[in-house]
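An overview of the molecular structure
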Amino acid sequence: MANGRLEGKRAIVSGAGAGMGRAAALRFAAEGARVGLLDVDEPAARAVADEIQAGGGEALVLPADVSKEQDVEAAVGRAVDAWGGLDVVVANAGVELAGEDDRADRLELAVWQRTMDINLTGIFLTCKHGIRALLGSGGGSVVCTCSPTGLYGCAPGFDAYSTSKAGVYGLVRVMAADYASEGIRVNGVVPGYTRTPMTEWVTPEEHEALIATIPLGRQGDPEDVASVMLFLVSDEAAYVTGAVWAADGGMTAI
Ligand SMILES: NC(=O)c1ccc[n+]([C@@H]2O[C@H](COP(=O)([O-])OP(=O)(O)OC[C@H]3O[C@@H](n4cnc5c(N)ncnc54)[C@H](O)[C@@H]3O)[C@@H](O)[C@H]2O)c1
C-alpha cells in the first residue's frame, strides 16, 4: 500500500474524523506522513487514529472546534510540540446545515453566522495557525477544501453554504501570493458530489438528479478527493500554487 510519497512529512488535517478528511488522513499516513487529526468529534478522530496506528502509522488526536481560535491554536501547538514542526496543513472541516440553510429571504442570521464561522473563519484559523507552524519549519504546503457551490449557483437554497465556500477560493489565491516567497504553496481542492456523511440527507430522486450533472456518471468517493489532496501536498506538486483542482467527475466543466 505505502510507497512513501509523504515520507517524513508532518501533517494536520481538519475534519479528519469523517468523509474526505478521514480519507486524506488515512492516505497520508499510508504514504509515510505523521498525521494530526483535528476534529470537533473526538471519538471519530480517535477511531481514525486507531486505524492509522493499526496499520503501523503515527497519528495524533487533536480535538478542536475550528471556529474557535484558542482550540485551533492549541491543536496546532500540540502537533508542533510532538513533532518539532509541520510540513502539511489541510483545512477541510466544514458543515452544510441541511434543513436550516435556505434562500436569502428565509435564512436565519444565526444559521448564516454558524456556517460562516465554521466554513470560512474555520478555514482561515486553521490556515493562520497552521501556516505559522509551516513558517517555523521553513516552508510547506496547504490545501483548502472548496466546493462547486462557491463558484456557481448550483445549490439553490444553500445560500450560506455557497457563500462560505466562495470565500475559500479568495483565501486560497491570496495566501498563495502571500507565502510563495517563503516556500509555502497554497492550493484548493474542489470535491463534487461526494459520498460522505455530509450528503446522507440527499433523497434518491435528488441523488439521480445530481448524478445527471456529472459527466463521469457516478458519485465521488472520499478517496477520489484524497488522491488529489495527496498530490497537492506532495513534492510532485512543487510548481503548483494558487491552483484550485477539481475532483468532481467533470461537474464544474459543463
Ligand atoms: N460531501 C460533498 O459532496 C462535498 C462537496 C463539496 C465540498 N465538500 C466540502 O468538503 C469538506 C469535507 O466534507 P465531508 O463531506 O467530508 O464532510 P463530513 O460531514 O462527512 O465530515 C466533516 C468532518 O468535519 C468535522 N467538523 C465539523 N464541524 C467542525 C468544527 N467546527 N470543527 C472541527 N471539525 C468539524 C466533523 O466532525 C466531520 O468529522 C467540507 O469542507 C465540505 O464543505 C463536501
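Let me sum up the structure you'll find in this document. Please read these numbers as outputs of a predicted model, since none were measured by experiment.

1. A word on helix H4 (residues 109-137)
The terminal C-alpha atoms of H4, which comprises 29 residues, lie 40 Å apart, in line with the 42 Å expected from a rise of 1.5 Å per residue. At the exit of H4 stands Gly-138, carrying a positive phi of roughly 85 degrees.

2. Quick notes on the side chain of His-129
Within the secondary structure, His-129 is located in helix H4. Note on His-129: relative accessible area 4%, which makes it buried. The residues contacting His-129, other than those within four sequence positions of it, are Glu-69, Val-72, Glu-73 and Val-76.

3. Quick notes on the site of the ligand
Around the ligand, a shell composed of 29 residues is seen, among which Asp-39, Asn-92, Tyr-161, Lys-165 and Thr-196 lie nearest. Within the contact set of the ligand, an oxygen atom lies 2.9 Å away from a backbone nitrogen or oxygen of Thr-194. Met-198 places a main-chain nitrogen or oxygen 3.5 Å from an oxygen atom of the ligand. When the residues that make up the shell around the ligand are grouped by side-chain class, the tally is 14 nonpolar, 11 polar and four charged.

Criteria and cut-off values
- Residues numbered from 1 in each chain as written.
- Predicted model: local features only at pLDDT ≥ 70, side-chain atom pairs only at ≥ 80, totals over all residues.
- Heavy atoms only, no water.
- Helix = DSSP H or I, 4+ residues; strand = E, 2+ residues; numbered from the N terminus.
- Expected span 1.5 Å × (residues − 1).
- Buried < 20%, exposed > 50% of the residue type's maximum accessible area, 1.4 Å probe, protein only.
- Contact = heavy atoms within 4.5 Å.
- Near = heavy atom within 4 Å.
- Polar contact = N/O pair within 3.5 Å; in protein donor to acceptor, adjacent residues only side chain to side chain.
- Nonpolar A, V, L, I, M, F, W, Y, C, P; charged D, E, K, R; others polar.

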